[in-house]
Amino acid sequence: MHVQTTDWISQFAGLSRLPQDLRDVLVGGSQVISVAAGTEIFAPGQSADNLLLLLDGTVRVQQKSETGREVFLYRVHAGESCVLTTACMLAYEDYSADGVAETDITAVAIPRKTFDDLAGRSPVFREFIFKAYSRRITDLFTLIDDIVFQRMDVRLAARLLELADTKNVVHATHQTLGNELGTAREVISRTLAEFQRRGWVQQARGEVHLVGKSGIERLAHSSGER
C-alpha cells in the first residue's frame, strides 16, 4: 500500500537542512510505503533500486554462509537507512545479504533516479548518506571484533538485554539467538542452561525470561576476559 505524506523529512535530522527546492525534489520523487512483518525486503542477487529510510518498525539484515547458517549483521530502526542498500546503489552492485521486515514497517522509498540526482547536486544529501554509512561500518567492525575476541556468554548476555521487551522477556528460539550471534544453536542452549543455573533466566518455548537481570547486566558490561 502506498501512502502520500510530506512531513517525513523532519524524522531525519540530516535531511532537515536541505533547501526547500531540494526538499521538494526529494519528497516529489519518493514514496512512503507500508510493508507487512515477515516480508523479504531484498535478497542476494537482487539489484538495489530504492534507498529505504525507515519511519517505523525494524528491518533485520543477515547473511547466509555456504553451509546455510544465518549470520545477523545489523538492524535498521526508525530514523535510519540501510547501509548495504546505500553501498549497492553507490557501486551499482547487487545485494549480497537478506533484508527482512521484523515488524510491520513504514518507510520512504527513494528511487535510484532521485538518489543519483540529489547525491550529485546536494552536499547536504551526500553528508546524510555518508554519515549513516560511516556509523554502520563502525558497527560492523565492532561486530567482527565481538565475534573474534568476545566470549560467547558476554555476547549472549548483551544481546538478551538488547532484545528484551518492557517485561524483560526475549521472544526468540535458541536457533534465532544462534543466528543473531553467528554461532550454533547448541552453544546457545548450553550458555542459557548456565544462565538458568545461576538464576538469571527462566526458559519457555520460544521465550527467555530475564528474572535475574542484574547478573546479566554485570556479565554484559564485563570486559569478556577470563
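One can find the structure itself at the top, above this paragraph.
So, a few notes on the structure that sits alongside this text. Nothing here was measured: the structure is a model prediction, and the numbers come from that model.

Let's shift gears to the overall build of the protein. The helix and strand inventory of the protein stands at eight helices and 11 strands. The principal-axis extents of the C-alpha atoms in the protein amount to approximately 60 × 35 × 30 Å. Residues counted as buried form 42% of the 226 residues belonging to the protein. For the protein, contacts bridging at least 24 residues in sequence account for 69% of all contacts bridging at least 6. A total of about 12,000 Å² of accessible surface is found on the protein, and carbon and sulfur atoms cover 50% of it. In the protein, which carries 25 positive and 29 negative side-chain charges, the distance between the mean positions of the two groups comes to 5 Å.

The next point concerns the nonpolar core. Core analysis: the biggest nonpolar cluster contains 42 residues, and Trp8, Leu15, Leu26, Leu53, Val61, Leu84 and Phe125 have the highest contact counts within it. If sequence neighbours within four positions are ignored, Trp8 has contacts with Leu15, Leu26, Val27, Ser30, Val32, Leu53, Leu55 and Val108. One finds Val154, Leu156, Phe195 and Trp200 within the second-largest nonpolar core, a separate group that totals 19 residues.

A negative phi angle is the norm for most residues apart from glycine, just as the trans form is the norm for most peptide bonds. Phi at Tyr92 is positive, roughly 55°, even though this residue is not glycine. Note that Tyr92 resides in the loop between α2 (83-91) and β7 (98-101). Of note in the backbone geometry, Asn168 takes a positive phi value of approximately 60° without being a glycine. Within the fold, Asn168 resides in the loop between α5 (152-163) and β9 (169-171).

Along the chain, Thr85 falls in helix α2. The residues contacting Thr85, other than those within four sequence positions of it, are Phe42, Ala48, Asn50, Leu51 and Tyr95.

Look at α5: 16 Å from first C-alpha to last across 12 residues, which is about the 16 Å you get at 1.5 Å a residue. Restricting attention to buried positions, one finds in α5 the residues Met152, Asp153, Val154, Arg155, Leu156, Ala157, Arg159 and Leu160.

How each quantity is defined
- Residues numbered from 1 in each chain as written.
- Predicted model: local features only at pLDDT ≥ 70, side-chain atom pairs only at ≥ 80, totals over all residues.
- Heavy atoms only, no water.
- Helix = DSSP H or I, 4+ residues; strand = E, 2+ residues; numbered from the N terminus.
- Buried < 20%, exposed > 50% of the residue type's maximum accessible area, 1.4 Å probe, protein only.
- Contact = heavy atoms within 4.5 Å.
- Areas by Shrake-Rupley, 256 points an atom, 1.4 Å probe, with all protein chains shown as cover.
- Lys, Arg positive; Asp, Glu negative; His and termini not counted.
- Charge placed at Lys NZ, Arg CZ, Asp CG, Glu CD.
- Core = buried A, V, L, I, M, F, W, Y, C linked by side-chain atoms within 4.5 Å.
- Expected span 1.5 Å × (residues − 1).

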